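Report on the structure
Now for the letters of each chain:
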Amino acid sequence: MTNTLSLPRSVEWNESYITLLDQQQLPGKVEYIKLQTIKDVWDAITTLKVRGAPAIGITAAFGLALSALSYDTDSVKEFNKKLALDQQYLASSRPTAVNLFWALERVAKSAESASSVNEAKTKVVHEAIQIQVEDEETCYRIGDHALSLFKKKDKIMTICNAGSIATAYYGTALAPFHLSKQRDIPLEVFACETRPVLQGSRLTAWELQQSGVDVTLITDNMAAHTIKTKGINGIIVGADRIAANGDTANKIGTYGLALLAKAFGIPFYVAAPQSTFDLSIQDGSSIPIEERSPKEVTHIGDTQIAPDGISVYNPAFDVTPSELITAIITEHGIIHSPSFESIQKVLLQSAQ
Ligand code: MRU
């Protein structure tokens with residue numbers, strides 16, 4: 001018996017515009033906005049109206065396709081030149097999640113073999129839609145593999161939002177919880193609120209409530225005490241970029257949770273699709289870490305919570321060394337004790 005899931009979708013293609021769930025309004029308002037230009041798409045990504053690595057990639061892919069539809073030229077060469085410029089522009093929206101660059105590259109490449117501008121336009125739209133369709137299937141598989149690691153009544157901690165609204169559907173780290181609900185397997189989730197911009201409290205708590213998952217919200221500084229007093233069985237997080245050796249960039253605070261998992265002797269899992277791996281970089285030291293506005297730290301909404309003129313450091317991500325990761329859960333299977341060799345084995349095997 002499976003229960004029906006009805007999760008919100010964050011991005012939708014509508015031929016002449018993109019519909020986007022404005023994640024900045026959640027949980028107060030479930031508001032959909034229309035993105036009509038490439039600039040709208042760039043703004044939506046930089047201001048976190050859409051966020052989460054796969055969802056950023058999907059939105060950017062649609063943004064590139066949307067812009068391409070407006071090119072007024074009969075020359076394929078000219079078309080591809082404009083496409084490359086737009087690709088570069090959208091790639092400047094956020095630096096860490098590699099899915100952004102991966103998705104833009106796929107869309108740009110799809111037009112290369114076109115013999116007319118009309119064909120090129122059809123190809124870029126098709127590729128962007130395909131990226132979204134594939135991501136949904138991918139997330140389902142990740143959820144299925146991840147669920148096999150948990151037992152009934154397990155208590156699992158997570159940070160940020162690696163959920164349905166951060167992907168095409170189901171999510172990565174949250175996919176096993178949605179699937180557990182569908183399959184009537186009771187699990188308890190403890191969601192860290194995720195300062196400074198509160199993806200845990202605003203988005204994960206809301207999203208898991210939507211599907212009826214048993215979720216408890218804690219502030220980030222309650223993690224160690226909660227692991228100890230509530231008997232947390234494991235931690236699962238998403239990823240923005242995974243280097244060839246398994247070092248993983250994810251939302252700031254993830255590294256701290258991985259260290260806690262080690263101290264308490266509980267497993268620490270990363271759930272991510274192949275599109276989040278960046279095999280061109282050897283280890284986490286080459287992953288660019290986004291630093292965002294000090295205002296995210298000095299204010300909560302419009303309320304100032306720090307003195308004027310205070311110096312602020314606001315890295316949006318941190319890098320967890322692969323030695324602290326028990327397993328990386330991908331659509332192709334579970335990579336236990338991730339290393340250069342074990343990652344190559346699973347990802348390359350899947351390519352055959
Ligand atoms: O700054 P954000 O909200 O885009 O950061 C998102 C994360 O860190 C997620 O865990 C990651 O992108 C995976 S989403 C499936």
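For clarity, every value in this text was computed on a predicted model and none was experimentally measured.

1. Quick look at the sheet that holds strand β2 (residues 18-21)
- Spatially, 3 strands are ordered β1-β2-β3 in an open sheet, and the strand pairing comes out antiparallel. Looking along the sheet, the strands with just one partner apiece sit at the ends: β1 (11-13) and β3 (32-35). Geometrically, the sheet is characterised by an average inter-axis angle of 20° between neighbouring strands, direction not taken into account.
- In this sheet, β2 lies alongside β1 in antiparallel orientation, the contact comprising 3 bridges. By the bridge assignment, Glu12 is partnered in β2 with Thr19.

2. Some thoughts on helix α7 (residues 199-210)
- Helix length check: α7 (12 residues) gives 15 Å between terminal C-alpha atoms against 16 Å at 1.5 Å per residue, within 8%.
- Burial runs high along α7: 10 of the 12 residues are buried.
- Inspection of α7 places Gln199, Gly200, Ser201, Arg202, Leu203, Thr204, Ala205, Trp206, Glu207 and Leu208 among the buried residues, and these make up the whole buried set.
- Tucked inside the fold, the buried residues of α7 contact β4 (155-158), α6 (175-182), β5 (188-192), β6 (214-218) and β9 (248-251).
- Positioned one or two residues after α7, Gly212 has a phi angle of 80°, which is positive.

3. Focus on the state of the cysteines
- For the coordinates displayed, the defined rule picks out 0 disulfides.
- For Cys139, which is in no disulfide, the shortest distance to another cysteine sulfur is to Cys160 and amounts to 14 Å.
- Cys160 takes part in no disulfide bond, and the closest cysteine sulfur, belonging to Cys192, lies 11 Å away.

4. Brief notes about the site of the ligand
- Contacts to the ligand come from 17 residues, most closely from Arg51, Arg94, Asp240, Asn250 and Lys251.
- Asn250 places a side-chain nitrogen or oxygen 2.6 Å from an oxygen atom of the ligand.
- Between an oxygen atom of the ligand and a side-chain N or O atom of Lys251, the distance comes to 2.7 Å.
- Compared with its free state, where it exposes 420 Å², the ligand has 99% of that area covered by protein.
- Most atoms of the ligand, that is more than half of them, are within 2 Å of grid points of the largest cavity.
- Here the shell around the ligand is composed, by residue class, of 7 nonpolar, 6 polar and 4 charged.
- Mapping the shell around the ligand onto the domain boundaries places at least three of its residues in each of domain 1 (11-138) and domain 2 (143-351).

Cut-offs used in this document
Counting of residues starts from 1 at the beginning of each chain's written sequence and follows it residue by residue. The predicted origin of the model limits local features to residues at a pLDDT of at least 70 and limits the giving and counting of side-chain atom pairs to 80 or more, whereas totals for whole chains, interfaces and linings rest on all residues. Values shown for side chains rest on all heavy atoms present in the structure; no hydrogens or waters enter the calculation. The rule for pairing is simple: two strands pair if DSSP sees at least two bridges between them. Every helix listed is a DSSP run of H or I at least four residues long, and every strand listed is a run of E at least two residues long, numbered separately from the N terminus. Angles run from 0 to 180 degrees between N-to-C directions of axes, and those axes are lines fitted to C-alpha atoms, restricted for helices to the stretch in contact. Helix span is expected to be 1.5 Å times the residue number reduced by one. The rule is simple: take the accessible area with a 1.4 Å probe, protein chains only, and divide by the maximum for that residue type; under 20% is buried, over 50% is exposed, in between is partly exposed. Two residues form a contact once any of their heavy atoms are found within 4.5 Å. Defined by distance alone, a disulfide is two cysteine sulfur atoms within 2.5 Å. Throughout this document, a residue counts as near a molecule or strand when at least one of its heavy atoms sits within 4 Å of that molecule or strand. Any pair of nitrogen or oxygen atoms within 3.5 Å is treated as a polar contact; in protein, a donor-acceptor pairing is required on top of that, and neighbouring residues in sequence qualify only through side-chain atoms on both sides. Each accessible area is a Shrake-Rupley estimate made with a 1.4 Å probe; only the visible protein chains count as cover when residues are assessed. Cavities and pockets were defined on a 1 Å grid built over protein atoms only: a cavity is a set of grid points that admits a 1.4 Å probe from which the probe cannot escape, a pocket is an open set flanked by protein on both sides within 12 Å along at least five of seven lines, and lining residues are those with an atom within 4 Å of any such point. A pocket or cavity is taken to hold a molecule when more than half of that molecule's atoms are within 2 Å of the pocket's grid points. Just so you know the grouping, Ala, Val, Leu, Ile, Met, Phe, Trp, Tyr, Cys and Pro go in nonpolar, Asp, Glu, Lys and Arg go in charged, and all remaining residues, Gly too, go in polar. An automatic or database domain assignment supplies the residue ranges for each domain.

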